[in-house]
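Here is what each chain is made of, one letter per residue.
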Amino acid sequence: DGFVQPFCDGPANNPNNPAEDVYTHLINKARDYVYITTPYLVIDRKMTEDLCRTARSGVDVKIIVPHIYDKWYVYMVNVANYGPLIANGVHVYEYMPGFIHSKTVVCDDECAVCGTINMDYRSLFLHFECGVLLQKNSQVAVLRDDVRATLPQCREIQVTECRTSLPGTVLDSVLRLLSPLM
């Protein structure tokens, strides 16, 4: 039922970037909610602005990332991105039982994407990735329900947990600056 559109992406596609375009489109078109699961929240300024603008417009934006990480330096960048997102109304959750490796975006019971695409520079611009865009398809609700079933196993990060001191702010800025290298 509905539509299923597989797509691929890779460095040969640049400057056209189907993976980034799909993620950006789903985030920007959301009216009610957008739920994201990703192991690596190593996002650029544009993606941060899109997520923050969507949350400020009243859309329920939830992002689930792992609490138990596979690379400590990537986790540090994940944490560096929490502050600006949370300050703008994005709900960030850490999955507590283990390493969550799913890469999904679900939007308004209408669209979803799942595949190999992480929310990081390398995945969006340097690696060969593939995904499936689902639209008006029963599996969109399945992905939505999976996120909702995962949330009780997560801990929501509060703005008070984010680094706000001068050294912490400088560290977060440096980590975000270096994030394309990760």
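Look above for the structure.
What this report covers is the structure whose coordinates are included nearby. (Residues numbered from 1 in each chain as written. Predicted model: local features only at pLDDT ≥ 70, side-chain atom pairs only at ≥ 80, totals over all residues. Heavy atoms only, no water.)

1. Structural notes on helix α2 (residues 45-56)
Right, so step 1: With 12 residues, α2 extends 16 Å between its outermost C-alpha atoms, agreeing within 8% with the 16 Å of an ideal straight helix rising 1.5 Å per residue.
Right, so step 2: Within α2, the full set of buried residues consists of Met47, Thr48, Asp50, Leu51, Cys52, Thr54 and Ala55.
Right, so step 3: The secondary structure elements touched by the buried residues of α2 are α1 (18-29), β2 (33-37), β4 (60-66), α3 (72-87), β8 (119-120) and α4 (121-126).
Right, so step 4: Where α2 ends, the next residue or the one after it, Gly58, has phi of about 105 degrees, a positive value. (Helix = DSSP H or I, 4+ residues; strand = E, 2+ residues; numbered from the N terminus. Expected span 1.5 Å × (residues − 1). Buried < 20%, exposed > 50% of the residue type's maximum accessible area, 1.4 Å probe, protein only. Contact = heavy atoms within 4.5 Å.)

2. A closer look at the sheet that holds strand β6 (residues 104-107)
Right, so step 1: As summarised here, the arrangement of the eight strands in space is β1-β9-β7-β6-β2-β4-β5-β10, forming an open sheet in which the pairing is mixed. Taken across any chain shown, the strands that pair with only one partner, and hence form the sheet edges, are β1 (3-9) and β10 (154-156). Neighbouring strand axes in the sheet, compared pairwise and without regard to direction, differ in orientation by 20 degrees on average.
Right, so step 2: In this sheet, strand β5 (residues 91-95) lies alongside β4 in parallel orientation, the contact comprising five bridges. When the bridges of β5 are listed, Lys62 appears paired with His91.
Right, so step 3: Relative to β1, α1 is tilted by about 135 degrees, and along the sheet it contacts β1, β2, β6, β7 (111-115) and β9 (129-135).
Right, so step 4: Sitting on the sheet, helix α5 (residues 138-150) touches β2, β4, β5, β6, β7, β9 and β10, and the angle it makes with β2 is about 70 degrees. (Pairing = 2+ DSSP bridges. Axes fitted to C-alpha atoms, helices over the stretch in contact; angles between N-to-C directions.)

3. Description of the side chain of Glu129
Right, so step 1: If you trace the backbone, Glu129 turns up in strand β9.
Right, so step 2: Although buried, Glu129 forms no salt bridge, and the nearest oppositely charged side chain, Lys103, lies 6.8 Å from it.
Right, so step 3: Within the local environment of Glu129, its side chain forms a polar contact with the side chain of Ser123, the two groups lying 2.8 Å apart.
Right, so step 4: Excluding residues within four positions of it along the chain, Glu129 makes contact with Phe7, Cys8, Asp9, Thr116, Ile117 and Ser123. (Lys, Arg positive; Asp, Glu negative; His and termini not counted. Salt bridge = Lys/Arg side-chain N within 4 Å of Asp/Glu carboxyl O. Polar contact = N/O pair within 3.5 Å; in protein donor to acceptor, adjacent residues only side chain to side chain.)

4. Focus: the state of the cysteines
Right, so step 1: Applying the stated rule across the entire model yields zero disulfides.
Right, so step 2: Its sulfur unpaired, Cys114 is 9.5 Å from the next cysteine sulfur, which belongs to Cys130.
Right, so step 3: Residue Cys130 stays outside any disulfide, its sulfur separated by 8.0 Å from that of Cys8, the closest cysteine.
Right, so step 4: Accessibility expressed as a relative area gives 40% for Cys130, which makes it partly exposed. (Disulfide = S-S within 2.5 Å.)

5. Regarding the packing of aromatic side chains
Right, so step 1: Under the counting rule described, the total for this entry stands at three aromatic pairs.
Right, so step 2: The ring of Tyr33 has Arg148 lying over it, and the distance from NZ or CZ to the ring centre is 5.6 Å. (Phe/Tyr/Trp six-rings, centres within 6.5 Å; stacked < 30°, edge-to-face > 60°. Lys NZ or Arg CZ within 6 Å of the ring centre and 35° of its normal.)

Read these as layout, nothing more, since geometry by itself doesn't imply function.
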